[in-house]
There are 2 protein chains.
Amino acid sequence: MQLYTREEIERLIRLDPPLIKVIEQAFTALVTKKVTMPPIMRMDVPEHNGEVDIKSAYIEGEDSFAVKLSSGFFNNPSVGLPTSGGMMILLDSRTGQPLAVLADDGLLTDLRTAAAGAVAAAFCSRKVAGKAGIIGTGAQARLQLKALTLVRPIDHVYVYGRRKDQAAIYKKEVENEQGLPVTICSSVKQVVDESDIVVTTTPSREPLIYAEWLKPGLHITAMGSDAEHKQELDHGVLEKADSITCDVIHQSRRLGELRGVPDLENRALELGELTSGRKQARTSDEDITICDLTGTGVQDTAIARFAWKALKNKGDDLRERS
Amino acid sequence: MQLYTREEIERLIRLDPPLIKVIEQAFTALVTKKVTMPPIMRMDVPEHNGEVDIKSAYIEGEDSFAVKLSSGFFNNPSVGLPTSGGMMILLDSRTGQPLAVLADDGLLTDLRTAAAGAVAAAFCSRKVAGKAGIIGTGAQARLQLKALTLVRPIDHVYVYGRRKDQAAIYKKEVENEQGLPVTICSSVKQVVDESDIVVTTTPSREPLIYAEWLKPGLHITAMGSDAEHKQELDHGVLEKADSITCDVIHQSRRLGELRGVPDLENRALELGELTSGRKQARTSDEDITICDLTGTGVQDTAIARFAWKALKNKGDDLRERS
């Protein structure tokens with residue numbers, strides 16, 4: 001068994017079309033193959049304002065699967081550490097023996113979450129969508145934007161963050177690194193007004209977007225809520241939308257935007273139904289579409305397998321050359 | 001973060017009185033401290049006759065806690081691999097950051113399970129108990145016997161195994177390595193008849209021991225059942241016993257010997273109540289006592305912390321000397 005550090009993984013794995021394809025196929029597997037994906041195991045460390053979530057998924061026929069630990073320790077910034085962290089362990093499906101520990105410190109989770117955002121936009125939003133709206137200014141606010149640019153011809157970014165200094169840093173970074181003009185908005189409503197696609201990336205506990213702001217053709221991906229107390233979309237938004245897609249419906253009902261609106265469950269689609277071609281989220285350019293992402297074990301297994309293959313090939317390469 | 005192999009761990013950690021003390025204290029913590037111990041997460045890989053169990057526990061006030069993966073892949077022997085395996089990950093309680101990966105391949109699980117057997121015997125069996133009865137001839141049949149010798153003056157061993165060749169190997173090994181005479185019995189009943197303490201270490205799905213065989217003073221530790229379909233003691237055994245102790249009652253009800261006998265739950269004690277001095281399992285040398293062990297996350301956290309401390313000290317030692 002091999003231990004790989006974040007630095008080693010970072011050199012090989014990035015948010016790019018091959019990774020997005022891998023995550024798309026993971027969603028397809030969720031509806032076309034037999035997948036074992038137990039409920040998330042949650043370890044709370046209330047004394048230190050922390051939690052560790054454990055996810056796993058096995059896709060029938062695949063020769064390995066991952067168990068992921070992801071941590072959120074909310075006092076960390078006060079000691080100069082990032083809030084989130086984690087690692088993935090890849091196991092051999094035939095023997096249970098560990099193949100690799102990917103000590104990625106949350107990197108692969110960030111990437112597979114962003115890749116899911118790309119899949120959501122690719123299968124829900126209008127094809128011609130140039131205006132990207134981002135709510136939040138953290139790591140996912142950057143990665144989700146990057147993800148959109150890989151599937152849609154984004155030419156302008158509208159961002160809203162509660163902290164103006166963070167919004168200014170975001171604008172500077174995105175303009176420099178992604179070469180896209182960024183407008184800092186003074187409200188969430190302004191972002192929605194200006195954008196074709198909106199991605200919410202916050203840990204909000206109260207709705208940020210309301211039904212009366214929705215306009216024909218809009219797509220919203222809500223990726224912030226992944227716990228019982230979080231919410232980014234007002235229930236009216238879901239009610240008004242022409243389609244609602246979830247990564248996993250039963251998880252969205254517990255941890256995501258479907259919580260508290262049981263009537264809407266029957267209407268909800270799963271992302272795998274879209275990627276497999278079984279269903280369509282959008283039937284016209286006028287439709288309003290919503291996608292709620294809570295994060296799934298199949299994404300973890302998919303990116304862990306993808307990363308391990310790349311790391312192993314790299315190792316084989318180096319050995320051959322030496 | 002450091003990765004330690006089984007070989008490194010094996011050199012430092014063995015079944016001995018300090019380890020038994022550590023496991024005893026873990027049980028005490030379960031009833032005297034605030035412990036977060038979520039239900040076991042179970043990943044099934046039916047395609048390959050395998051399963052991975054994930055356990056964790058955080059004891060308030062402790063600076064680290066473990067997440068454990070333990071695997072059972074029952075086709076492994078056909079390819080020359082052991083059925084069980086696993087690893088432990090030790091996390092910092094304040095930051096969630098991984099401190100160490102103990103790639104112990106199930107060694108620490110074996111040891112903490114045996115140590116629990118020692119604790120059970122120390123707090124339930126008669127003080128003067130020289131005859132040890134072992135049902136089963138596998139790894140735990142060896143370790144549980146060793147555990148008994150550390151807490152009771154064992155002078156003779158009675159063993160029963162379904163496979164005679166395995167029983168013969170067991171006898172030879174124990175006589176050579178532990179210097180104790182071993183009698184191979186032709187039935188479970190014979191073992192019970194001859195012994196002061198009986199430990200059942202099998203994956204049996206049907207009762208092995210019946211009430212009518214019980215005699216005054218006997219103690220039985222049932223450590224085999226850890227899943228919904230397993231059982232080693234007939235319900236009558238529990239009914240007849242003067243006391244029933246479990247590592248964790250609600251887990252024994254689901255995965256252990258308390259399954260199917262809800263009436264007995266009210267009478268059951270927890271091992272931590274004994275180790276903390278709050279309750280007593282045995283009030284006379286004539287009592288019949290039962291202890292059911294299903295395996296708990298606090299044992300994993302306790303042994304992972306203990307092993308890591310030893311490994312780190314060893315590393316510091318080596319660095320100082322060089």
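Please refer to the structure placed before this passage.
Residues numbered from 1 in each chain as written. Chains lettered and ligands numbered in written order. Predicted model: local features only at pLDDT ≥ 70, side-chain atom pairs only at ≥ 80, totals over all residues. Heavy atoms only, no water.

Peer 1: Teacher, can you tell me more about the overall build of chain A here?
Peer 2: Counting its regular elements, chain A contains 10 helices and 15 strands. The C-alpha extent of chain A, read off along each of the three principal axes, is 60 × 45 × 40 Å. Partitioning the intrachain contacts of chain A with sequence separation of at least 6 by distance along the chain shows that 68% fall at a separation of at least 24. One way to put it: in chain A the 40 positive side-chain charges average out to a point 3 Å from where the 46 negative ones average out. (Helix = DSSP H or I, 4+ residues; strand = E, 2+ residues; numbered from the N terminus. Contact = heavy atoms within 4.5 Å. Lys, Arg positive; Asp, Glu negative; His and termini not counted. Charge placed at Lys NZ, Arg CZ, Asp CG, Glu CD.)

Peer 1: Explain the pairing of strand 9 (residues 156–160) of chain B to me, please; I cannot follow it from the model alone.
Peer 2: Within a regular strand, the side chains alternate between the two sheet faces. All names here are of chain B. Counting buried residues in strand 9 gives five out of five residues, a clear majority hidden from the surface. Burial along strand 9 is two-sided: His156, Tyr158 and Tyr160 facing one way and Val157 and Val159 facing the other are all buried. In the sheet, strand 8 (residues 131–135) pairs with strand 9 via five bridges, with the strands oriented parallel. From the neighbouring strand, glycine 133 faces strand 9, where its bridge partner is tyrosine 158. (Buried < 20%, exposed > 50% of the residue type's maximum accessible area, 1.4 Å probe, protein only. Pairing = 2+ DSSP bridges.)

Peer 1: Looking at this structure, I do not really get the side chain of threonine 28 of chain B. What am I missing?
Peer 2: In this fold, threonine 28 of chain B is placed in helix 2 (residues 17–32). Looking at threonine 28 of chain B, its side chain comes within polar contact range of the side chain of threonine 275 of chain B, at 2.7 Å. (Polar contact = N/O pair within 3.5 Å; in protein donor to acceptor, adjacent residues only side chain to side chain.)

Peer 1: Any chance you could explain the pattern of salt bridges here in plain terms?
Peer 2: Oppositely charged side chains can form a pair if their charged atoms are brought close together. Residue and element names in this part refer to chain A. Applying the stated criterion to the full structure yields 39 salt bridges over all chains. We note a salt bridge from arginine 6 to glutamate 10, for which the minimum N-O separation is 3.4 Å. Of this pair, arginine 6 and glutamate 10 are both found in helix 1 (residues 6–12), four residues apart, which corresponds to roughly one turn of the helix. Overall, arginine 6 belongs to the partly exposed group, its relative accessible area being 23%. By relative accessible area, glutamate 10 is classed as partly exposed at 36%. (Salt bridge = Lys/Arg side-chain N within 4 Å of Asp/Glu carboxyl O.)

Peer 1: Before we go on, may I ask you to explain the nonpolar core in this structure?
Peer 2: The nonpolar side chains of soluble globular proteins are, as a tendency, buried together. Counting residues in each nonpolar core, the largest one holds 63 residues, and the members touching the most others are Leu15, Ile23, Leu102 and Leu145 of chain B. Take this core: its biggest share by element is 11 residues, from helix 3 (residues 107–124) of chain B. The next biggest cluster of nonpolar side chains, apart from the first, holds 62 residues, and it includes Ala129, Val157, Val159 and Val298 of chain A. (Core = buried A, V, L, I, M, F, W, Y, C linked by side-chain atoms within 4.5 Å.)

Peer 1: Would you take a moment to explain the relation of the copies chain A and chain B for this structure?
Peer 2: The two chain copies are related to each other by a rotation about an axis together with a translation along it. The two copies are related by a screw operation: chain A maps onto chain B through 180 degrees of rotation and 0.0 Å of translation along the axis, at an RMSD of 0.0 Å. Within this description, the copies of the chain are treated as partners about a two-fold rotation axis. Among all C-alpha atoms of chain A, that of methionine 41 of chain A lies closest to the rotation axis, at 3.2 Å. A shared interface surface links the copies, since 100% of the contact residues of chain A are contact residues in chain B too. (Least-squares fit on C-alpha atoms with pLDDT ≥ 70 in both.)

Peer 1: It is not clear to me how unusual backbone geometry should be interpreted in this structure. Could you clarify?
Peer 2: Of note, the phi angle at aspartate 105 of chain A is positive, near 60 degrees, even though the residue is not glycine. Take aspartate 105 of chain A: it is sitting in the loop between strand 7 (98–103) and helix 3 (107–124).

Peer 1: Before we go on, may I ask you to explain the sheet that holds strand 12 (residues 219–222) of chain A in this structure?
Peer 2: Note: strands within a sheet are paired through backbone hydrogen bonds, in either parallel or antiparallel orientation. Residue and element names in this part refer to chain A. Overall, parallel pairing links the eight strands, which are arranged 10-9-8-11-12-15-13-14 in an open sheet. If you trace the sheet from one side to the other, it starts and ends with strand 10 (182–184) and strand 14 (269–270), each paired once. Sheet topology places strand 12 next to strand 15 (residues 289–292); four bridges connect them, and they run parallel. Across the sheet, the residue bridging to alanine 222 is aspartate 292, located in strand 15. Running at roughly 175 degrees to strand 10, helix 5 (residues 164–178) makes contact with strand 8 (131–135), strand 9 (156–160) and strand 10 of the sheet. (Axes fitted to C-alpha atoms, helices over the stretch in contact; angles between N-to-C directions.)

Peer 1: Even after reading the chapter, I still don't get the interface of chain A and chain B, so can you show me in this structure?
Peer 2: Tallying the contact residues gives 39 residues for chain A and 39 residues for chain B. Across the interface of chain A and chain B, roughly 3,300 Å² is buried in total on both sides, 72% from carbon and sulfur atoms. Three residues stand out in chain A for area buried against chain B, namely Met41, Met43 and Glu47 of chain A, and they jointly supply 16% of the buried area on that side. Here chain A is connected to chain B by zero salt bridges. Here chain A and chain B share seven residue pairs in polar contact (both at pLDDT 80 or more) between them. Mapped onto the side of chain A that touches chain B, the elements with two or more residues apiece are strand 3 (41–45), strand 4 (50–59), strand 5 (64–73), strand 6 (84–92) and strand 7 of chain A. Among the residues making up the side of chain A that touches chain B, the classes are represented as 22 nonpolar, 10 polar and seven charged. (Buried area = accessible area lost by both parts, 1.4 Å probe. Nonpolar A, V, L, I, M, F, W, Y, C, P; charged D, E, K, R; others polar.)

Peer 1: Just checking my understanding: could you explain the packing of helix 3 of chain B against helix 10 (residues 297–321) of chain B for this structure?
Peer 2: Residue and element names in this part refer to chain B. At a minimum axis separation of 10 Å, helix 3 and helix 10 run at an interaxial angle of 115 degrees. For the crossing formed where helix 3 meets helix 10, the hand is right-handed. Of the residues in helix 10, those in contact with Leu108, Leu111, Arg112, Thr113 and Ala116 of helix 3 are Gln299, Asp300, Ile303 and Ala307. For the contact of helix 3 with helix 10, the class distribution of residues is five nonpolar, two polar and two charged. (Left-handed = near helix turned anticlockwise from the far one by under 90°.)

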